[in-house]
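Reading the structure
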Amino acid sequence: MPRPEVLERIKAAEEEAEEIVAEAEQDRDDRIAEARERADEIRAEAEEEVEEEAQSRLEEAQSDIEAEATEIREEGQAAREELLDQAEERMDEAVEYAITQFEEAVHAQT
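Everything numeric in this text was worked out from a predicted model, so none of it was measured.

Moving on to the overall build of the protein. Within the protein one finds one helix and zero strands. Taking 13 Å as the expected radius of gyration for a compact globule of 110 residues, we find that the protein reaches 46 Å, considerably beyond that expectation. Dimensions of the protein along its principal axes, counting C-alpha atoms only, are 155 × 20 × 10 Å. Carbon and sulfur atoms make up 51% of the accessible area of the protein, which amounts to about 10400 Å² in all. Charge separation in the protein, taken as the distance between the mean sites of 12 positive and 41 negative side-chain charges, equals 17 Å.

Right, let's get into a nonpolar patch on the surface. Residues Val6, Leu7 and Ile10 make up a contiguous nonpolar surface patch of about 240 Å² in total accessible area. You can call Ile10 partly exposed: its relative accessible area is 41%.

Before going further, it helps to examine the pattern of salt bridges. If you walk through the whole model with that rule in mind, you get six salt bridges. Between Asp29 and Arg28 there is a salt bridge, with the nearest N and O atoms lying 3.1 Å from each other. Assessed through its relative accessible area of 37%, Asp29 is described here as partly exposed. Linking Arg43 and Asp40 is a salt bridge whose minimum nitrogen-to-oxygen distance equals 2.7 Å. In this pair, Arg43 and Asp40 both sit in helix H1 (residues 3–109), three residues apart, roughly one turn of the helix. The exposure class of Arg43 is partly exposed, given its relative accessible area of 45%. Salt bridges linked by common partners bring Arg38, Glu41 and Glu45 together as one network.

Turning our eyes to something else, we now look at the environment of Tyr97. Turning to its location among the elements, Tyr97 is positioned in helix H1. In this structure Tyr97 comes out as exposed when scored by relative accessible area, which is 55%.

The next point concerns H1. In this model, H1 (107 residues) spans 150 Å end to end at C-alpha, consistent with the 159 Å of a helix rising 1.5 Å per residue. When the local axis directions of H1 are compared, the greatest deviation, roughly 40°, occurs at Arg90.

In this section: a negative patch on the surface. The grouping of Glu5, Glu8, Glu14, Glu15, Glu16, Glu18, Glu19 and Glu23 at the surface amounts to a negative patch. Mapped onto the elements of the fold, Glu15 is located in helix H1. Under the relative-accessibility criterion, Glu15 is labelled partly exposed at 43%.

The rules behind the values
Residues numbered from 1 in each chain as written. Predicted model: local features only at pLDDT ≥ 70, side-chain atom pairs only at ≥ 80, totals over all residues. Heavy atoms only, no water. Helix = DSSP H or I, 4+ residues; strand = E, 2+ residues; numbered from the N terminus. Rg over C-alpha atoms; globule rule 2.2 N^0.38 Å. Areas by Shrake-Rupley, 256 points an atom, 1.4 Å probe, with all protein chains shown as cover. Lys, Arg positive; Asp, Glu negative; His and termini not counted. Charge placed at Lys NZ, Arg CZ, Asp CG, Glu CD. Patch = residues over 30% accessible without salt bridge, like charges linked within 9 Å, V, L, I, M, F, W, Y side chains within 5 Å. Salt bridge = Lys/Arg side-chain N within 4 Å of Asp/Glu carboxyl O. Buried < 20%, exposed > 50% of the residue type's maximum accessible area, 1.4 Å probe, protein only. Expected span 1.5 Å × (residues − 1). Bend = angle between axes of the 7 residues up to and from the residue.

Structure, rendered in structure tokens:
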């Protein structure tokens, strides 16, 4: 094979190799860009899921707190009513005691 022809074939092979390398590098860059974009999408989805879960837990906790507060208020109201009932039941006793003490004090003065 003549020398110029060999050189031409080598040069053509080198050019083809450079094109293959350039295409591979471009393909690599495209894949990296796609992977980064997908990673950003996954990150955004995960952040949204975390936000939704946090909001859900917060709402659940608020609901639990409200239910517990209602229960405490109801228990307090029941205790108050019980104390009022006990006070009313002892009212006659207290009045009787006060009258007796007053009468004894009046008799003691006379």
